[in-house]
Amino acid sequence: MRLRVEFTTEPFDLDEAPAHAVVGREIVTGAGLDAVDVGPFGNTAEGEGQKVLAAVDALLRRSLEAGATRVSLQVNVIARDAEDAT
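Residues numbered from 1 in each chain as written. Predicted model: local features only at pLDDT ≥ 70, side-chain atom pairs only at ≥ 80, totals over all residues. Heavy atoms only, no water.

Draft legend 1. Inspection of the side chain of Thr8 at higher detail. Turning to its location among the elements, Thr8 is positioned in strand β1 (residues 2-10). With residues near it in sequence (within four places) discarded, Thr8 still touches Phe41, Gly42, Arg70, Val71 and Ser72. (Helix = DSSP H or I, 4+ residues; strand = E, 2+ residues; numbered from the N terminus. Contact = heavy atoms within 4.5 Å.)

Draft legend 2. Seen up close, the environment of Ala17. Its place among the elements puts Ala17 in the loop between β1 and α1 (19-29). Distance from Ala17 to Pro40, taken between C-alpha atoms, is 8.0 Å for residues 23 residues apart in sequence. Sequence-distant contacts of Ala17, that is, excluding residues within four places in its chain, are made with Val22 and Arg25.

Draft legend 3. Representation of the pattern of salt bridges within the structure. Counted under the stated rule, the structure contains four salt bridges. Measuring nitrogen to oxygen at the nearest pair gives 2.8 Å for the salt bridge that ties Asp57 to Arg61. Pair noted here: Asp57 and Arg61 are both in helix α2 (residues 49-65), with a separation of four residues, about one helical turn. Members of the salt-bridge network, linked through shared partners, are Arg2, Arg4, Asp34 and Glu46. (Salt bridge = Lys/Arg side-chain N within 4 Å of Asp/Glu carboxyl O.)

Draft legend 4. Summary view of the environment of Val52. Mapping Val52 onto the fold places it in helix α2. With relative accessibility at 0%, the residue Val52 sits in the buried group. In this structure the C-alpha to C-alpha distance between Val52 and Val5, which are 47 residues apart in sequence, comes to 7.2 Å. For Val52, the contacting residues outside a window of four places in its chain are Leu3, Val5, Leu33, Glu46 and Gly47. (Buried < 20%, exposed > 50% of the residue type's maximum accessible area, 1.4 Å probe, protein only.)

Draft legend 5. Main features of the sheet that holds strand β2 (residues 34-38). Pairing within the open sheet is antiparallel, and its four strands lie in the order β2-β3-β1-β4. Across the chains shown, the open sheet's two edge strands, defined by having one partner strand only, are β2 and β4 (70-79). Along the sheet, successive strands turn relative to each other by an average axial angle of 20 degrees, direction set aside. With nine bridges connecting them, β1 and β4 associate as antiparallel partners. Each residue of the ladder has a partner; that of Thr9, found in β4, is Val71. α2 rests against β1, β3 (43-48) and β4 of the sheet, and its axis sits at about 10 degrees to β1. (Pairing = 2+ DSSP bridges. Axes fitted to C-alpha atoms, helices over the stretch in contact; angles between N-to-C directions.)

Draft legend 6. Focus on the pairing of β1. Sheet topology note: the β1/β3 ladder contains six bridges and is antiparallel. Residue pairing in the sheet places Arg2 in a bridge with Glu48 of β3.

Draft legend 7. Up close: the nonpolar core. Listed in full, the twelve residues of the largest apolar core are Leu3, Val5, Phe7, Val23, Ile27, Val28, Leu33, Ala45, Val52, Ala55, Val56 and Leu59. Listed by contribution, the elements that provide at least two residues to this core are β1, α1 and α2. Counting residues per element, this core draws most heavily on α2, at four residues. With residues near it in sequence (within four places) discarded, Val5 still touches Asn43, Thr44, Ala45, Val52, Val56, Leu73, Gln74 and Val75. (Core = buried A, V, L, I, M, F, W, Y, C linked by side-chain atoms within 4.5 Å.)

See the structure below:
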């Protein structure tokens, strides 16, 4: 299964990226995911299901530890493997 994750962390700081935002970006860029896009107000990445889920687990744990007070997260199935369809 192929998944897409979209996420933001809060609180926002328009002057400088807070530690929790930096941590979140480091996780998705280092997780071996495809089509990673990081931005000031949201981030997206796609990849094989298990890699995305592992990145989401790390993202939640580490960004909260780094000071995030909210993580907004959406995960979408964008393709199923042939084995999943049977």
